[in-house]
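Letter by letter, the chains look like this.
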Amino acid sequence: MTHAFHLVAVILLVTLQTALRLHVPGLDNFFDLLVVYVAYLGLFRRFKEGAPIVIVTGLCMDSLSGGSFGLFLTSYIWFYALMRWIVRFLDPANRMLIFFSPAMGVVIENVVHLGTAFMLNDGFPVLQVIRDRTAAQLVWALATGPVFLLLARRIHRQWDKWLGAVMVRESSSSR
Amino acid sequence: MFSRRTVVILGVVVLIIANTLILSVIGNRFPASGTGRFAISVLAPFQEAFSHSVRFIRDTWSDYFNLVNVSRQNALLKRRLAESSRIRNRLIETELANERLRHLLKFRQTVPMEVVAAEIIAKDPSSWFKTVVIDKGEADGVVAGLPVVVPEGIAGQVVETAKHYAKVLLTNDPNSAVDGLVQRSRVRGMIKGGTSSECRFHYVPGKEDVQVGDVIISSGMDGVYPKGLRVGEVIGVEKGPADIFQDIRVQPFVDFEKLEEVLVILHDGGIKAEGGS
């Protein structure tokens, strides 16, 4: 059931990321919301739970994007690995970690995207475009990323509580 | 011989190098993957439902806002006025949509090939690439490689399809390329997208005559786009004394930020559609 929750969350975030940006032009330089969810999976969920979701998320985003296949998958896997490594030394609920982790994800994602474009000589953007767009994404990530991260954690906790209560009710009524 | 830390660092470096090589191979040799079809089939219905919901809420809100705003002033007369305003706003919106669709239909009638109209339901999740998802797919005759146009000019090319949806690569995407020529001087080149709103007209030798204001059209020689479709206008020409090619900036005629409906041209190839020219 928890995997089902993750899949629903991923579908919702992918839909927001693609369909909402179509109708709100100002969100063109908004950062990738899925990065926040990958950070949440890396910081607060077990490896067996988070790793498959990260891979599925990366495959979905690569399928919908016009870039080379594997860009989003690569970004998410490396960012997830970084989060899993960091929690070996820091408390996942560390405020600085929660504040900066979405921005770290944005940086990793942009490095992968731009690095691949540079390698393949695929219309590498001018430096001014890189600077402006990356700066806008980082500002959004720093301003709203921690909020989304904590919101994801809270919603999932409520879901786990509700699911636990339902299962307790069902098991007591079956006795 | 080596400490654990050194081994870990070397392992990470090897992983990064291997990852880089894999990405470069995949990017060059496998530009499209079959998993995209499955993902589009699964995700596109949610995108379509969301887009329709946003449009419905936006229309309902404007009706509601007018109704509440007017009913404050005078009960009976303002209620009639609010009703008239609501109908009028709906008619204006219908008229605007009508005008847009008539413009599209008029253009469609001028296109000698069979076309199918499609609505855009989602855009690329990354801000570095420019693709959109449309609500027509293989069931409507749409296959990969078909050109996508609007009355203003070429919008892009279908790159991946599912049964009822398709992904379109827009002409301002870095991966897009359109074989074009200058309408006035018939100079040929390649229109390639970038990450800004402009495109570049590549491979034009320095001695060729290209001026600011020239209109670029499709040449039909790439086998994708029919000949004669408008692409953009030259907004900048730079010729270095030692450069082989000119640096030509092109502003596309299509406003990609405002695309809502497009036409997909259903044919086997641009060259065939133009009678083999």
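Residues numbered from 1 in each chain as written. Chains lettered and ligands numbered in written order. Predicted model: local features only at pLDDT ≥ 70, side-chain atom pairs only at ≥ 80, totals over all residues. Heavy atoms only, no water.

Let's talk about the interface of chain B and chain A
Listed as interface residues are 42 residues of chain B and, on the opposing side, 44 residues of chain A. Carbon and sulfur atoms supply 64% of the area that chain B and chain A bury against each other, a total of about 3,800 Å² over both sides. On the chain B side of the contact with chain A, Lys123, Pro125 and Trp128 of chain B bury the most area, a combined 21% of that side's loss. In this structure, the connection of chain B to chain A is made through 12 residue pairs in polar contact (both at pLDDT 80 or more). Among the secondary structure elements, those contributing two or more residues to the side of chain B that touches chain A are helix H1 (4-29), helix H2 (35-71) and strand E1 (114-123) of chain B. Residue contributions to the side of chain B that touches chain A peak at 12 residues, all from H2 of chain B. (Contact = heavy atoms within 4.5 Å. Buried area = accessible area lost by both parts, 1.4 Å probe. Polar contact = N/O pair within 3.5 Å; in protein donor to acceptor, adjacent residues only side chain to side chain. Helix = DSSP H or I, 4+ residues; strand = E, 2+ residues; numbered from the N terminus.)

Quick look at the environment of serine 75 of chain A
All names here are of chain A. With respect to the secondary-structure elements, serine 75 resides in helix H4 (residues 71-86). Residues serine 75 and alanine 165, spaced 90 residues apart in sequence, show a C-alpha to C-alpha distance of 37 Å. The residues touching serine 75, leaving out its near neighbours within four places in the chain, are Ile108, Glu109, Val112 and His113.

Regarding the sheet that holds strand E7 (residues 188-193) of chain B
All names here are of chain B. Spatially, E6-E7-E8-E11-E10-E9 is the arrangement adopted by the six strands of the closed barrel, whose pairing is antiparallel. Looking at each pair of strands side by side, their axes are set apart by 40° on average, direction ignored. As judged from the six bridges shared by strand E10 (residues 230-238) and strand E11 (residues 247-252), these two strands associate in the antiparallel manner. Residue pairing for E11: valine 237 is matched across the bridge by isoleucine 248. (Pairing = 2+ DSSP bridges. Axes fitted to C-alpha atoms, helices over the stretch in contact; angles between N-to-C directions.)

What to know about the pairing of strand E5 (residues 166-170) of chain B
The element E5 of chain B is extensively covered by neighbouring structure, given that five of its five residues are classed as buried. Judged by which residues are buried, E5 of chain B turns out to be covered on both faces: Ala166, Val168 and Leu170 of chain B on one side and Lys167 and Leu169 of chain B on the other are all buried. (Buried < 20%, exposed > 50% of the residue type's maximum accessible area, 1.4 Å probe, protein only.)

With respect to a nonpolar patch on the surface
Taken together, the side chains of Ile9, Val13, Ile17 and Leu21 of chain B present a nonpolar region at the surface, about 370 Å² in accessible area. As for its placement among the helices and strands, isoleucine 9 of chain B is situated in helix H1. (Patch = residues over 30% accessible without salt bridge, like charges linked within 9 Å, V, L, I, M, F, W, Y side chains within 5 Å. Areas by Shrake-Rupley, 256 points an atom, 1.4 Å probe, with all protein chains shown as cover. Salt bridge = Lys/Arg side-chain N within 4 Å of Asp/Glu carboxyl O.)

Topic: the sheet that holds strand E12 (residues 261-266) of chain B
If you walk around this closed barrel you meet the six strands as E1-E2-E5-E4-E3-E12 (chain B), and the pairing is antiparallel. Taking each pair of neighbouring strands and ignoring which way they run, the sheet shows an average axis angle of 45°.

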